[in-house]
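Here are the chains, one letter per residue:
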Amino acid sequence: MNSQSGFLLSYIKYGENDAVLHCFTEEDGFQSYFLKGIYAKKNKKKALLLPLSKLNFSVNPVKGNGIQTISKFEMIKSNDIYTDIRCNTVVFFISDFLNQNLRHENKNHHIFFCLEEFTDELESRNYQSHLIFLIKILKIQGVAPLLNEGKFLDPETGTFTHEIMHQLFTEEVSAIWKRILSAENPYGIKIHSNFRKDFLDSLLVYYHYHITDFKIPASLEVIQQIFE
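Note that the structure is predicted; figures quoted are calculated from it, not measured.

Cross-referencing UniProt, the feature "domain: DNA replication/recombination mediator RecO N-terminal" (unreviewed entry) maps to residues 3-78 in the present numbering. End C-alpha to end C-alpha, residues 3-78 measures 19 Å, and it is 0% helix and 55% strand.

Further remarks concern the pattern of salt bridges. Counted according to the given criterion, the structure contains five salt bridges. Note that arginine 125 is salt-bridged to aspartate 84, the shortest N-O span being 3.2 Å. You can see arginine 125 sitting in the loop between helix H2 (109-123) and helix H3 (129-141) and its partner aspartate 84 sitting in the loop between strand S5 (68-75) and helix H1 (85-101), a full 41 residues away along the chain. A residue is classified by how much of its surface remains accessible, and aspartate 84, at 16% relative accessible area, is buried. With its nearest N and O atoms 3.1 Å apart, the salt bridge here joins aspartate 201 to lysine 197. Taken together, the positions of aspartate 201 and lysine 197, both in helix H5 (residues 193-210) and four residues apart, correspond to about one turn of that helix.

Glancing now at the packing of H1 against H3. Packing of H1 against H3 brings their axes to within 10 Å, and their N-to-C directions diverge by 20°. Taken together, the axes of H1 and H3 are roughly parallel relative to one another. H3 is crossed by H1, and the crossing has right-handed handedness. Residues Val90, Phe93, Ile94, Phe97 and Leu98 of H1 pack against His130, Phe133 and Leu134 of H3.

Turning our eyes to something else, we now look at the domain arrangement of the chain. Taken domain by domain, the chain holds domain 1 (2-75) and domain 2 (82-227). Placing the centre of domain 1 and that of domain 2 at their C-alpha centroids yields a distance of 28 Å. Tallying the contact residues gives 18 residues for domain 1 and 20 residues for domain 2. Across the interface of domain 1 and domain 2, roughly 1,700 Å² is buried in total on both sides, 70% from carbon and sulfur atoms. At the boundary of domain 1 and domain 2, one finds two salt bridges.

Another point: the packing of aromatic side chains. The description of two aromatic rings rests on the distance between their centres and on the angle between their planes. Counted according to the given criterion, the structure contains eleven aromatic pairs. Here the aromatic rings of phenylalanine 93 and phenylalanine 97 are separated by 6.3 Å at their centres, their planes lie at 45°, and the arrangement is tilted. You can see phenylalanine 93 and its partner phenylalanine 97 sitting in helix H1, four residues apart, about one turn around the helix. For the pair phenylalanine 93 and phenylalanine 97, one class covers both residues: buried. Considering the side-chain rings of tyrosine 207 and phenylalanine 214, the 5.5 Å spacing of their centres and the 35° angle between planes classify their relative orientation as tilted. On the basis of relative accessibility, which here comes to 3%, the residue tyrosine 207 falls in the buried class. On the accessibility criterion, phenylalanine 214 (12% relative accessible area) is buried. Members of the aromatic cluster, each reached through a chain of ring pairs, are Phe93, Phe97, Tyr207 and Phe214. Stacked on the ring of tyrosine 127, the Lys or Arg arginine 86 has its end atom at 3.9 Å from the ring centre.

Thresholds, definitions, all that
- Residues numbered from 1 in each chain as written.
- Predicted model: local features only at pLDDT ≥ 70, side-chain atom pairs only at ≥ 80, totals over all residues.
- Heavy atoms only, no water.
- UniProt positions renumbered as here; feature names shortened; annotations may be inferred.
- Helix = DSSP H or I, 4+ residues; strand = E, 2+ residues; numbered from the N terminus.
- Salt bridge = Lys/Arg side-chain N within 4 Å of Asp/Glu carboxyl O.
- Buried < 20%, exposed > 50% of the residue type's maximum accessible area, 1.4 Å probe, protein only.
- Axes fitted to C-alpha atoms, helices over the stretch in contact; angles between N-to-C directions.
- Parallel < 35°, antiparallel > 145°, perpendicular 65-115°, else oblique.
- Left-handed = near helix turned anticlockwise from the far one by under 90°.
- Contact = heavy atoms within 4.5 Å.
- Domains from an automatic or database assignment.
- Buried area = accessible area lost by both parts, 1.4 Å probe.
- Phe/Tyr/Trp six-rings, centres within 6.5 Å; stacked < 30°, edge-to-face > 60°.
- Lys NZ or Arg CZ within 6 Å of the ring centre and 35° of its normal.

Pasting the structure below:
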């Protein structure tokens, strides 16, 4: 039996009382676990199954290629981000995003720390923190744009040019990219509400070009509506 800590990205009910959890762990990256009895009537811990909740759990060793089983778990830190509708929407979007796009990611302390930092920002009601977080992930993955004197970001090449190369990457949106990429504290940058939708769309376009098998989260429409 070994101990793990990780962020819950998603879970699926299995049978009457069990579930399969998908987590991003500190030691092993993206992992799936079998959790017995979580939906039993007397089990009150199902309330802890919240997207991006940070859990500590004990895992039984598995033989062969089977899925590991969680023997017990607890929430490391409780917060109230799930009671605020905008925070809740951001949580579901990012957990959905990571669940879709980190499935082949092994141990990566930078991503794990980035998730801790992001949830702290969200707890402080930084409602645009998901936009900054997505650029931080690009930096960690080594595919963030390269800064130069150009005014327009070309999403395909990841460089700034002197002519617009994509309709979403206007001078205003490209300038936001530059500010975040060059900032020592990017979470302190304020993105005007007029540009947030286009900026998020531009992020997804960039991910499409630079992240293999990238999938757009199903929750995109919901977060766009909430922040309109």
